[in-house]
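Below, each chain spelled out in residue letters.
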Amino acid sequence: MRLPDLARLLRAWQAHRRIAILALALVTLAAAFGAIRVRAEIDMAALLHGNSPNYMAWSEVERRFAPFSRDEVYVVAADKGTLAEGDRLAALEDLLIELNLSPGVAATLSIFSMPDAADPGRAWLKSATARGLDVAARLATLRAENPTAAEMISVDLAATLVLVMPAPGYSNAEVAAAIAPMVALPPQGLTLRPAGLGEMQRTIAFGLIRDQIWLTPASVTICLLITFWLFGSWRAAVICGLPPLVGLSWFFGWIGWAGIAMDQFMAVVPTVLIVLSFSDCIHLYHASVAAETGRDDAEAVVQAQAQTLPAAFMTSLTTAVAFLSLLMVQAPALSNLSMAGAVGMALTFVAVALAFPLLFTALGTRHGELRRTLPRFALALGAAKAAAGHPRRVVLATLVLAAALLAMESRITTSFSLTEYLPRKTDVGLTLDDLGRLGLASDSLQVIIDDTDGVAGISAADKALLATVAAELYGPGAGNADALAAWAESGAGTPLLRRFVAEDRLSYALPLAMAVESDGGAQLKATHARLSARFAELGLADKVAVRGFSLVMIEELPGLIGKLRLGFYLSILAITGLIWLLLGSARLALVSVLPNVIPILCVDAWLYLSGQQVSLTSAIATTVAFGIAVDNSIHLLNRFRLAPPGPLAARVTLALAHAAPPIITTTVLLLGGFSVVLLSSMPSVATFGILVGLALVLAMVSSVFLLPGLVRWSLK
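Small disclaimer: the values here were computed from a predicted structure and weren't measured.

**Student:** Please clarify how the overall build of the protein should be interpreted in this entry.
**Tutor:** When helices and strands are tallied, the protein shows 26 helices and nine strands. When contacts within the protein are restricted to residue pairs at least 6 apart in sequence, long-range pairs at least 24 apart make up 80% of them. Surface accessibility of the protein: about 28600 Å² in total, with carbon and sulfur atoms responsible for 63%.

**Student:** Would you explain the sheet that holds strand β2 (residues 105-109) in this entry?
**Tutor:** Through backbone hydrogen bonds, the strands of a sheet pair up, either in parallel or in antiparallel fashion. Spatial ordering of the open sheet is given by β2-β5-β1-β6, a layout of four strands whose pairing is antiparallel. Looking along the sheet, the strands with just one partner apiece sit at the ends: β2 and β6 (190-194). Taking each pair of neighbouring strands and ignoring which way they run, the sheet shows an average axis angle of 25 degrees. Summarising the sheet, strand β1 (residues 72-78) and β6 pair through five bridges and their orientation is antiparallel. Within β6, the residue paired with V75 across the bridge is R193. Against the sheet, helix α4 (residues 88-100) engages β1, β2, β5 (159-166) and β6, with an angle of about 155 degrees to β2.

**Student:** Help me out: how do you make sense of unusual backbone geometry in this one?
**Tutor:** In most cases, non-glycine residues show a negative phi, while peptide bonds are predominantly trans. Located in the positive-phi region is L157, a residue other than glycine, with phi close to 60 degrees. You can see L157 is positioned in the loop between α7 (147-152) and β5.

**Student:** Sorry, what's going on with the packing of helix α15 (residues 378-388) against helix α24 (residues 648-675) here?
**Tutor:** Packed helix pairs are characterised by how far apart their axes lie and by the angle those axes make with each other. Direction vectors running N to C along α15 and α24 enclose 140 degrees, while the axes themselves pass 10 Å from each other. By the angle between their axes, α15 is oblique relative to α24. For the pair α15 and α24, the sense of crossing is right-handed. In contact with A380, L381, A384, K385 and A388 of α15, α24 contributes V652, T653, L656, A657, A660, P661 and I664. Grouping the constituent residues of the contact of α15 with α24 by class yields 10 nonpolar, one polar and one charged.

**Student:** Sorry if this is basic, but what is going on with the pairing of β2 here?
**Tutor:** On a regular strand, each side chain points to the face opposite its neighbour's, so the side chains alternate between the two faces of the sheet. Of all five residues in β2, four are buried, a share of seventy percent or more. Bridge analysis of β2 against β5 gives four bridges, and the strand direction is antiparallel. Paired with L109 across the bridge in β5 is L163.

**Student:** Please explain the environment of I282 as it appears in this structure.
**Tutor:** The residue I282 is located in helix α11 (residues 269-291) in this model. In this structure I282 comes out as buried when scored by relative accessible area, which is 0%. Linking I282 and A236, residues 46 residues apart in sequence, is a C-alpha distance of 8.8 Å. In this view, I282 contacts T227, L230, F231, C240, T665, T666 and L669; residues no more than four positions away in its chain are not counted.

**Student:** I keep staring at the confidence of the model for the protein and nothing clicks. Help me out?
**Tutor:** Regions with low pLDDT carry predicted coordinates that are not meant to be interpreted in detail. Chain-level pLDDT for the protein is 81 on average; 89% of the residues reach the 70-or-more range. The secondary structure element of the protein with the lowest average pLDDT is helix α14 (residues 369-373), at 46, and the one with the highest is β6, at 92. Low pLDDT, under 50, characterises residues 367-375; the predicted model gives this stretch 16 contacts beyond four residues in sequence or across chains.

**Student:** Quick question: what am I supposed to make of the side chain of T318 here?
**Tutor:** Along the polypeptide, T318 turns up in helix α12 (residues 297-324). Residue T318 is classed as buried on the basis of its relative accessible area, which comes to 0%. For T318, the side chain forms a polar contact with the side chain of D631, separated by 3.4 Å. The residues contacting T318, other than those within four sequence positions of it, are I575, G627, V630, D631 and I634.

**Student:** Got a minute to help me understand the pattern of salt bridges in this structure?
**Tutor:** Close approach of charged atoms allows side chains with opposite charge to pair. Tallied over the entire structure, the rule returns eight salt bridges. The partner of E60 in a salt bridge is R63, and the shortest N-O contact between them spans 2.6 Å. Residue E60 and its partner R63 are located together in helix α3 (residues 53-64), separated by three residues, close to a single helical turn. The class for E60 is partly exposed, based on a relative accessible area of 33%.

**Student:** Please explain the packing of helix α23 (residues 616-642) against helix α25 (residues 683-705) as it appears in this structure.
**Tutor:** Axis separation between α23 and α25 bottoms out at 8 Å; the angle between their running directions is 30 degrees. In terms of axis orientation, α23 runs roughly parallel to α25. Here α23 and α25 pass one another in a crossing that is right-handed. Touching T617, S618, I620, A621, V624, A625, I628, A629, N632, S633 and L636 of α23 are S684, T687, F688, L691, V692, A695, L696, A699, M700 and S703, all from α25. Of the residues assigned to the contact of α23 with α25, the class counts are 14 nonpolar, seven polar and no charged.

**Student:** How should I be thinking about the sheet that holds strand β7 (residues 443-450) in this particular structure?
**Tutor:** The strand order β8-β7-β9 describes an open sheet built from three strands, whose pairing is antiparallel. Both outer strands of the open sheet, β8 (507-514) and β9 (544-547), are each paired with one neighbouring strand and no more. Across the sheet, the mean angle separating the axes of adjacent strands is 20 degrees when strand polarity is ignored. As paired elements, β7 and β9 share four bridges and run antiparallel to each other. Residue pairing for β9: V447 is matched across the bridge by V546. Strands β7, β8 and β9 of the sheet are contacted by helix α18 (residues 460-474), whose axis makes an angle of about 5 degrees with β8. Its contacts with the sheet place helix α20 (residues 522-537) against β7, β8 and β9, and it is angled at close to 140 degrees to β8.

**Student:** Any chance you could explain a nonpolar patch on the surface here in plain terms?
**Tutor:** A contiguous nonpolar patch, built from I209, I213, W214, W606, L678, L679 and I690 and spanning about 680 Å² of accessible area, is present on the exposed surface. Ranked by residue count, the leading element in the nonpolar patch is helix α9 (residues 197-231), at three residues.

What counts, and at which threshold
- Residues numbered from 1 in each chain as written.
- Predicted model: local features only at pLDDT ≥ 70, side-chain atom pairs only at ≥ 80, totals over all residues.
- Heavy atoms only, no water.
- Helix = DSSP H or I, 4+ residues; strand = E, 2+ residues; numbered from the N terminus.
- Contact = heavy atoms within 4.5 Å.
- Areas by Shrake-Rupley, 256 points an atom, 1.4 Å probe, with all protein chains shown as cover.
- Pairing = 2+ DSSP bridges.
- Axes fitted to C-alpha atoms, helices over the stretch in contact; angles between N-to-C directions.
- Parallel < 35°, antiparallel > 145°, perpendicular 65-115°, else oblique.
- Left-handed = near helix turned anticlockwise from the far one by under 90°.
- Nonpolar A, V, L, I, M, F, W, Y, C, P; charged D, E, K, R; others polar.
- Buried < 20%, exposed > 50% of the residue type's maximum accessible area, 1.4 Å probe, protein only.
- pLDDT = per-residue confidence, 0-100.
- Polar contact = N/O pair within 3.5 Å; in protein donor to acceptor, adjacent residues only side chain to side chain.
- Salt bridge = Lys/Arg side-chain N within 4 Å of Asp/Glu carboxyl O.
- Patch = residues over 30% accessible without salt bridge, like charges linked within 9 Å, V, L, I, M, F, W, Y side chains within 5 Å.

In structure tokens:
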């Protein structure tokens, strides 16, 4: 849209300000009612939906055997001493009976579910052999002789795991709610604590809602305080603060009315929207105040806003493009983030474009406010102008820096952990730590064994195969063929163990307990590699396969991050094209890319030098950060485009004088707004804030000190 047309629209909008204010108020009120409907929902499996071989194989296991990933895991522990003391084992049995009778519970898997090899229809703890032993010896013997029980009861006999299987038609949340009274008031002498993936996801959802309740208002408050400090005016704070709040309310109203649930990835979107819309308002405020000369102020302000809004539109568009690039991953969770971020950017820009002119006209400002802010940046402006005077040195420094950063970026590796999304110091987090100390685990792999003869039922060859695999999984003493056969046969007919026998009784699943890891799945990958190599060595590669939810997450992660990186590169191309359209110059568009990529490469280099890996969170952060980082270049190049004809050096200097103060100002504001996420209880949100904040500082330095010199060099 041409500037005269945009100025005409702004004048018409302000000429009907009463109707405009009423329309904005009604839309905002409708959004507020929609925001009440916002809910949180966490589903880690939403990262995996697709048609990859790993995902399809895992899905097939859950279809043929049981939905293992839906299991609710609980830890029952003695409040003092061990489970063998006093009447605690009897209390545990009573608790299990109560759990089995709870609404929505299909069955429980516990040490009382372990069958007697001599009588598979009876639990070993109820056998004559067990009754002949004291309680401590009974538990120790069960743990020593039954590989599954060894994974479910700690060495010191102080705690045991209980797996609760939800019945069809019941959600995990309903099952957990039914068990909650027992968690609050367990039998005397025992504690009952949830520890599985379901509880982790509910804890993340709770932490997400809690963060939104206080982080978003805190971010708004900090942005308002910084605005007041920068301009020394409450009017400036109101003029720059209300449009972002309107836009944010529209965003929450949209996801509420659309029925889109907030998830662990969308947690960062509100903060991004707040700080970026504040940034747009500050650029508009700078331009509007600078245009006031005492003569025909109203028209001058309209012209200034008409000149600045296209750049604000482009900055919103580039960030929206960065969010949309996440669609490359083709995972539902990141698709939700992508659409939420893109639509949120559109809504907040519209709110700023419509509300800011009305507020500025209504409240006005005092003359000279902008002039009081300029001396604060005199040193930075002088250094930037000096750097721009040596374009060849700037180009050389930029190329050398980019080459070094690319070398480090190419060597960085990836990692993933479910615990990076788990709020700090939560009950389930402490329980997971206790499980590690006790040698228990709330995660597992399933080792799938295919029948040797293709006939339902266990043949002699099947017994031998089961014994061989069990010995590899649990140790040499676990490969008793007859006992395993009895276990597998009992599993085919009982609700407790049938989950380990396929529907067609042609395959079996041996469970292997694993810890929920925070080290990128190193132990999980090592275990998988070791078992796969061993089964291949035994000639069983076509008969035995290792599966598991966490395993498929680890296996799919490199592909997910690879797609994110591809989306990042495509967003660079798309944003370069958009800058080309804004400036009408392919040369300037290409020159502007490198200073915007360097901050992202610096972030990856920092991860590499500090010994960290690229996680899903950091890959998302760098992609979004690029869309934000390019904002500075757009505003500076927009000012260069608007500079009157004249010598190139003079035009670059004038662009710096106009654009550098708001660039530095908005960077301070962005850092302040993002700083609140460092206090988030969710490590992933804090990591996002650190990486984006680092990228923003580097983007400011790159845009102010590198881009002007590159522009002068490219247009010689």
